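What follows is each chain in one-letter form.
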Amino acid sequence: MKLIQGILPAAVTPFDKDGRFAPAVFERLLERLYSAGVHGVYVCGTTGEGMLQPRGQRQTIVEAAVASTPRGRHVIVHVGAASLDEALALSSHAAKTGAHAISSLPPLSGQFGFSEVLSYYEALARASDLPLLVYYFPDISQSIASAEQLETVCDLPNVFGVKFTDFDLYRMSVLTRPQRCIFNGRDEVLAAGLLMGADGGIGTFYSLVPELFVQIYAAAAARRWEDARLAQQRANALIRITLEYPLFPAVKQILAWSGLDCGTCLPPRAPLTLEQQRRLQETLAAAGFVELSARPF
């Protein structure tokens, strides 16, 4: 039995007009996600703007996520921070709050070599009371470059799996082990990732159309691969449209149109311009995503 598997949206963090966490909107977002059948949430990662927030606010978000998560679902907390001490403090709080696992990007992506990143993950895994999900994301960090290095990180004590954010699904497939949890991190290839051995997925677009990604997962589990492909094709239509714009501001804008005003992203990210909003809304509606573009901006 895998420790954690299934569809886990990388949750957006809602903010008020002053840039403070908006718990009521976050609870509504989680209610929508769990009602759609997701198996848990991944909080305070890049999508959740975790590393742009102070520790106290990140801890409040974790507390809200755990309190709003039904029994049998899972909360994974991204604890990556500017220092190991900060990551360890966030890890300790996550365990005390009742989260189920922690995760972290490699520290200060691109600035450290493999041995330094390995030492970071080793220290975090050793000190944590929760199992650790490591991160493979070569587009933002080349510190883990070879298959052997990736295997070494995954083999660390207390590491239960890897969030694999890359299109090289062959490399992902050779990581599979009976007790290791592998999460597909590229939303565009969830169906293919599941075919190649992933145990689930963690992604940004899961917050916009959770039903589609749950459908892909269920179809793959039942070996209905044509159904999985068609649902993936629909999800990818939304992804292609959205990636024409700055990703996280666009995701927050689409959530607002769908009835969940999560505010704007934290600086230095800027919101979409009115012209970008207009074009995005028109394109979504033309592609049949009426429920994601219905409200005026």
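Residues numbered from 1 in each chain as written. Predicted model: local features only at pLDDT ≥ 70, side-chain atom pairs only at ≥ 80, totals over all residues. Heavy atoms only, no water.

**Comments concerning the packing of aromatic side chains**
Piece 1. Inspection of every chain in the model, using the stated rule, returns five aromatic pairs.
Piece 2. Consider the rings of F21 and F26, whose centres lie 5.4 Å apart with planes at 70°: the pair is edge-to-face.
Piece 3. Residue class for F21 comes out buried when judged on its relative accessible area of 10%.
Piece 4. We note R234 situated over the ring of F289; from NZ or CZ to the ring centre the distance is 3.8 Å. (Phe/Tyr/Trp six-rings, centres within 6.5 Å; stacked < 30°, edge-to-face > 60°. Buried < 20%, exposed > 50% of the residue type's maximum accessible area, 1.4 Å probe, protein only. Lys NZ or Arg CZ within 6 Å of the ring centre and 35° of its normal.)

**A short note on the sheet that holds strand β2 (residues 40-43)**
Piece 1. Here we have eight strands laid out as an open sheet, ordered β1-β8-β7-β6-β5-β4-β3-β2, and parallel in their pairing. Unpaired on one side and paired on the other, β1 (6-9) and β2 mark the two borders of the sheet. Recorded for the sheet is a direction-independent mean angle of 25° between the axes of neighbouring strands.
Piece 2. Here strand β6 (residues 159-164) runs beside strand β7 (residues 181-184); their pairing, made up of four bridges, is parallel. Counterpart to K163 in the pairing with β7 is F183.
Piece 3. Contacts from helix α1 (residues 23-35) reach β1, β2 and β3 (74-78) within the one sheet, and its direction differs from that of β2 by about 140°.
Piece 4. Lying over the sheet, helix α2 (residues 55-67) contacts β2 and β3, oriented at roughly 170° with respect to β3. (Pairing = 2+ DSSP bridges. Helix = DSSP H or I, 4+ residues; strand = E, 2+ residues; numbered from the N terminus. Axes fitted to C-alpha atoms, helices over the stretch in contact; angles between N-to-C directions. Contact = heavy atoms within 4.5 Å.)

**Let's talk about the side chain of N236**
Piece 1. Assignment of secondary structure puts N236 in helix α9 (residues 225-242).
Piece 2. In this structure the side chain of N236 is engaged in a polar contact, spanning 3.1 Å, whose partner is the backbone oxygen of E188.
Piece 3. What N236 contacts, discounting residues up to four positions off in sequence, is D187 and E188. (Polar contact = N/O pair within 3.5 Å; in protein donor to acceptor, adjacent residues only side chain to side chain.)

**Some words on the pairing of β6**
Piece 1. Burial analysis of β6 places six of its six residues in the buried class, the great majority of the element.
Piece 2. Across five bridges, strand β5 (residues 132-136) lies against β6 in parallel orientation. The residue of β6 that forms the bridge with V134 is V162.
Piece 3. The handedness of the β5 to β6 crossover, carried by helix α5 (residues 147-154), is right-handed. (Right-handed = clockwise from strand over helix to strand, strands pointing away.)

**Topic: a nonpolar patch on the surface**
Piece 1. Judged by side-chain polarity, Y170, V174, L195 and M196 come together as a nonpolar surface patch covering roughly 400 Å² of accessible area.
Piece 2. Judged by its relative accessible area of 32%, M196 is partly exposed. (Patch = residues over 30% accessible without salt bridge, like charges linked within 9 Å, V, L, I, M, F, W, Y side chains within 5 Å. Areas by Shrake-Rupley, 256 points an atom, 1.4 Å probe, with all protein chains shown as cover. Salt bridge = Lys/Arg side-chain N within 4 Å of Asp/Glu carboxyl O.)

**Description of unusual backbone geometry**
Piece 1. Residue P267 is joined to P268 through a cis peptide bond whose omega torsion reads 15°.
Piece 2. Examined against the element boundaries, P268 turns out to sit in the loop between α10 (247-257) and α11 (274-286).
Piece 3. With phi around 75°, N158 is a residue other than glycine that occupies positive phi space.
Piece 4. Mapped onto the elements, N158 comes out in the loop between α5 and β6.
Piece 5. Phi at R223 takes a positive value of approximately 60°, unusual for a residue other than glycine.
Piece 6. Note that R223 resides in the loop between α8 (210-221) and α9.

**Points about the pattern of salt bridges**
Piece 1. Summed over the entire model, instances satisfying the criterion amount to 14 salt bridges.
Piece 2. Linking R186 and D139 is a salt bridge whose minimum nitrogen-to-oxygen distance equals 2.5 Å. One end of the pair, R186, is in the loop between β7 and α7 (190-195); the other, D139, is in the loop between β5 and α5, with 47 residues separating them in the sequence.
Piece 3. Residue R186 is classed as buried on the basis of its relative accessible area, which comes to 14%.
Piece 4. Salt-bridge contacts for R278 lead to E275; the nearest nitrogen and oxygen are separated by 3.1 Å. Note that R278 and E275 are positioned in helix α11 at a spacing of three residues, about one turn of the helix.

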